[in-house]
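Per-entry structural report
Spelled out from the first residue to the last, the chains are:
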Number of protein chains: 2
Amino acid sequence: MKAELIAVGTEILTGQIVNTNAQFLSEKCAELGIDVYFHTAVGDNEKRLLSVLEVASKRSELVILCGGLGPTEDDLTKQTLAAFLGRKLVFDEKAMAKLDRFFASRPGRVRTPNNERQAQIVEGSQALQNPAGLAVGGLIEQAGVTYVVLPGPPSELRAMFTESLQPLLNQSSQQLYSRVLRFFGIGESQLVTILADLIDKQTDPTLAPYAKVGEVTLRLSTKANSQEEADFRLKQLEEDILQRDKLREYFYAYGEENSLVQTVAERLVEKNKSIAIVEQGTGGLLQSEVSLALTGQPYFSGGQVIGQLGTESGRCSEEADGIREELQADLGLAVSVLIKSESTEDNVLAKVYIALASTSGISQKEVDLGGYSWQHIRQLACLQALDFVRNTL
Amino acid sequence: MKAELIAVGTEILTGQIVNTNAQFLSEKCAELGIDVYFHTAVGDNEKRLLSVLEVASKRSELVILCGGLGPTEDDLTKQTLAAFLGRKLVFDEKAMAKLDRFFASRPGRVRTPNNERQAQIVEGSQALQNPAGLAVGGLIEQAGVTYVVLPGPPSELRAMFTESLQPLLNQSSQQLYSRVLRFFGIGESQLVTILADLIDKQTDPTLAPYAKVGEVTLRLSTKANSQEEADFRLKQLEEDILQRDKLREYFYAYGEENSLVQTVAERLVEKNKSIAIVEQGTGGLLQSEVSLALTGQPYFSGGQVIGQLGTESGRCSEEADGIREELQADLGLAVSVLIKSESTEDNVLAKVYIALASTSGISQKEVDLGGYSWQHIRQLACLQALDFVRNTL
């Protein structure tokens, strides 16, 4: 299926925001075996959007529009698509009911007629509900072309795509199947060097490394007729990768979203262990991440944030044991960051002390870190602490 | 001048990379007073690129192409533009000399005929030298349309734009000047309703609202011959906006990057006040943000994270006062989130208790919040707490 993406929003054309939706949708389409041949961005302008729809309708079978579904006057994607297709806008009942619930539970918020435009769809569309916002999306076919309308805010677009649109598009026989391997403790260039021969000769499955803060992911992809067929090929490649050098040690999880903190949270739940945390120099970032990953679970016992930076000392193990006792948790984790004096503005050097206390004793670790900024060092220190917990558990 | 951007590269269409060049070029064009009306991305495919050039040549006066200037077979931007304009490719002497120097100083590197393609330009072009790479760019006018070719790697594109292209484009006397107003505590649709007449009749200055998590920004822009001229017009519009309803109360800062936590951090520094924080139900998020905004400053005294969610009670003021005393801070801030029982999966309802203690007493506040997820509620609760501190300081 030939597809193209149209992002609507003047803020893209003035450079206020980056069109990250195009990347997300392109990746998802690739996974579904849909070929995306064009991206377009156009402003909140009816005439120009109409001209873009005119071009798109002649060259593509699937046209995905995103943005311009909000409550303001300049949000005109649905109106313009309706005009282009010679249809009118109608209210979607489910979206209206959601709007009603939203305003009923927020007595302070003023409901305006503009809000109700968010619950409209092009007549004849299949509505796409919005799990993360008020604007409803839609899908409609006319003259052999399928038009899809999605909201602009990335959190809403992603949720709507995954929950409402993907099941409708998922009909091609050959699909792209992927498996993401996540590594911590090894750099991208080192990983790529170890895998150079595989990367050079790749055709199918393909292999794409990607560096994130403090970790590297490796996406293995293959086009196949079934999950089993894909699993067979991807499993072979994965085995070939993990048996090289020490890669199996650096590998910690599968999945695009499955971060180190998620992995640790799952282990805590599995092993039925609660954790309390003391942070010095990371300002609450570690607790913020751990508590979010443990949302709805009783395994984060709370903790302490120490305002000053860490100092050269062995206080971490006492802190870890202390917080464990104080908050009656199964585990006490302490992390302390000491910034080294030779740090410069764009090259921050730090020493990180980590200690993990349990009923059976205390284990600890020191790591030297280098980062581009203070925020970068904080993130790396948290990852080190999480990796330490993962290895100890 | 009406302009559009065309990015060439299959890696954009498969979602492997984000088209950040489009944002950079859009921002730069806006600063130069050039109106960008379209962005397009197309793959490394001659036929499709020709069709995109066909459309662009009819609607724009300036067409900026980027990407596809590299040494590999699939890099075909210059060849395709030459074919489109009915011209041939010729070697640029300066670029060839640079290629010679490059390979002379790297005896190990093998020079192939493909490398020399990087030194070609469309016949009749003005060459744009590349301060950060080997591929030369170009600018050519034909039939009233100016075509520009830039390299794809962002570091090369940025350097070439700034050093070689910008001086050629910088001929317009009028530039775009902007001012961003930030509001907290008011929804986008409510703000837009209050400003409906201004938004409807806008020509210059223009007014663009943008909703972020928990806040709304309003970008005021005008084309002017000088900063003074722009300031005069933007100031007038700003006054007109802020005197409406209670908008002055909701307004808290200027600037694209100047978030609520930044504003609070600046106030703390200005007033020389340190702050200690207790969080219940926000898991350390508030301390993580405050400590980051106060990096390098001695005003974050540390705090506590309570693992369980908040309960219906007035404990917040005791907590705020307690942490202030314990950590000997000037201010003690406590925030506690209680999730209401009628919450559903996509509509989380919460009550947030906030208390701020200082030597002169304790002030407190309760707010009802609704959000799409637990993470959303955490963010909103932190913003409420920050807004309370901002108003109290």
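Further up the page is the structure itself.
An account of the accompanying structure is given in this report. Since the model is a prediction, treat every value here as computed from it, not as a measurement. (Residues numbered from 1 in each chain as written. Chains lettered and ligands numbered in written order. Predicted model: local features only at pLDDT ≥ 70, side-chain atom pairs only at ≥ 80, totals over all residues. Heavy atoms only, no water.)

Overview of the sheet that holds strand S6 (residues 126-128) of chain A
Strands sit in the order S6(A)-S7(A)-S8(A)-S3(A)-S1(A)-S2(A)-S2(B)-S1(B)-S3(B)-S8(B)-S7(B)-S6(B) across an open sheet of 12 strands; the sheet is mixed. The sheet terminates laterally at S6 of chain A together with strand S6 (126-128) of chain B, the two strands that pair on one side only. Between one strand axis and the next, the sheet turns through 15 degrees on average, direction left out of account. Sheet topology places strand S1 (residues 2-8) of chain A next to strand S3 (residues 62-66) of chain A; 5 bridges connect them, and they run parallel. In the sheet register, leucine 5 of chain A faces S3 of chain A, and the bridge partner there is isoleucine 64 of chain A. Sheet strands in contact with helix H7 (residues 154-169) of chain A are S3, S6, strand S7 (137-142) and strand S8 (145-150) of chain A, and its direction is about 155 degrees off that of S8 of chain A. Across the face of the sheet, helix H3 (residues 46-59) of chain B comes into contact with strand S2 (35-42) of chain A together with strand S1 (2-8), strand S2 (35-42), strand S3 (62-66) and strand S8 (145-150) of chain B while running at roughly 170 degrees to S1 of chain B. (Pairing = 2+ DSSP bridges. Helix = DSSP H or I, 4+ residues; strand = E, 2+ residues; numbered from the N terminus. Axes fitted to C-alpha atoms, helices over the stretch in contact; angles between N-to-C directions. Contact = heavy atoms within 4.5 Å.)

Thoughts on unusual backbone geometry
Negative phi values dominate among residues other than glycine, just as trans dominates among peptide bonds. The residue after aspartate 204 of chain A, namely proline 205 of chain A, is reached through a cis peptide bond having omega 0 degrees. Mapped onto the secondary structure, proline 205 of chain A falls in the loop between helix H9 (196-201) and strand S10 (206-212). Here aspartate 245 of chain A, not a glycine, exhibits a phi torsion of approximately 40 degrees, which is positive. Structurally, aspartate 245 of chain A is set in the loop between helix H10 (227-242) and helix H11 (247-250). Residue classification places aspartate 245 of chain A among the exposed residues on the basis of a relative accessible area of 62%. With phi around 50 degrees, glutamine 328 of chain B is a residue other than glycine that occupies positive phi space. (Buried < 20%, exposed > 50% of the residue type's maximum accessible area, 1.4 Å probe, protein only.)

Overview of the packing of aromatic side chains
Under the criterion given, the structure shown has 11 aromatic pairs over all chains. On the basis of an interplanar angle of 70 degrees and a centroid distance of 6.2 Å, the ring pair of phenylalanine 84 of chain A and tyrosine 147 of chain A is categorised as edge-to-face. A residue pair is termed long-range when its members are at least 10 positions apart, and phenylalanine 84 of chain A in helix H4 (residues 77-85) and tyrosine 147 of chain A in strand S8 qualify at 63 residues. When its relative accessible area of 22% is taken as the criterion, phenylalanine 84 of chain A is described as partly exposed. Residues phenylalanine 102 of chain A and tyrosine 372 of chain B carry aromatic rings whose centres are separated by 6.5 Å and whose planes lie at 20 degrees to one another, so their mutual orientation is stacked. (Phe/Tyr/Trp six-rings, centres within 6.5 Å; stacked < 30°, edge-to-face > 60°.)

What to know about the packing of helix H2 (residues 20-31) of chain A against H7 of chain A
Residue and element names in this part refer to chain A. Axis separation between H2 and H7 bottoms out at 10 Å; the angle between their running directions is 20 degrees. Classed by the angle they form, the pair H2 and H7 counts as roughly parallel. Here H2 runs over H7; the crossing is right-handed. Contact with H2, carried on its side by Thr20, Asn21, Phe24, Leu25 and Lys28, involves Pro154, Leu157, Arg158, Phe161, Thr162 and Gln166 of H7 and no other residues of that element. A class-by-class count of the residues in the contact of H2 with H7 yields 5 nonpolar, 4 polar and 2 charged. (Parallel < 35°, antiparallel > 145°, perpendicular 65-115°, else oblique. Left-handed = near helix turned anticlockwise from the far one by under 90°. Nonpolar A, V, L, I, M, F, W, Y, C, P; charged D, E, K, R; others polar.)

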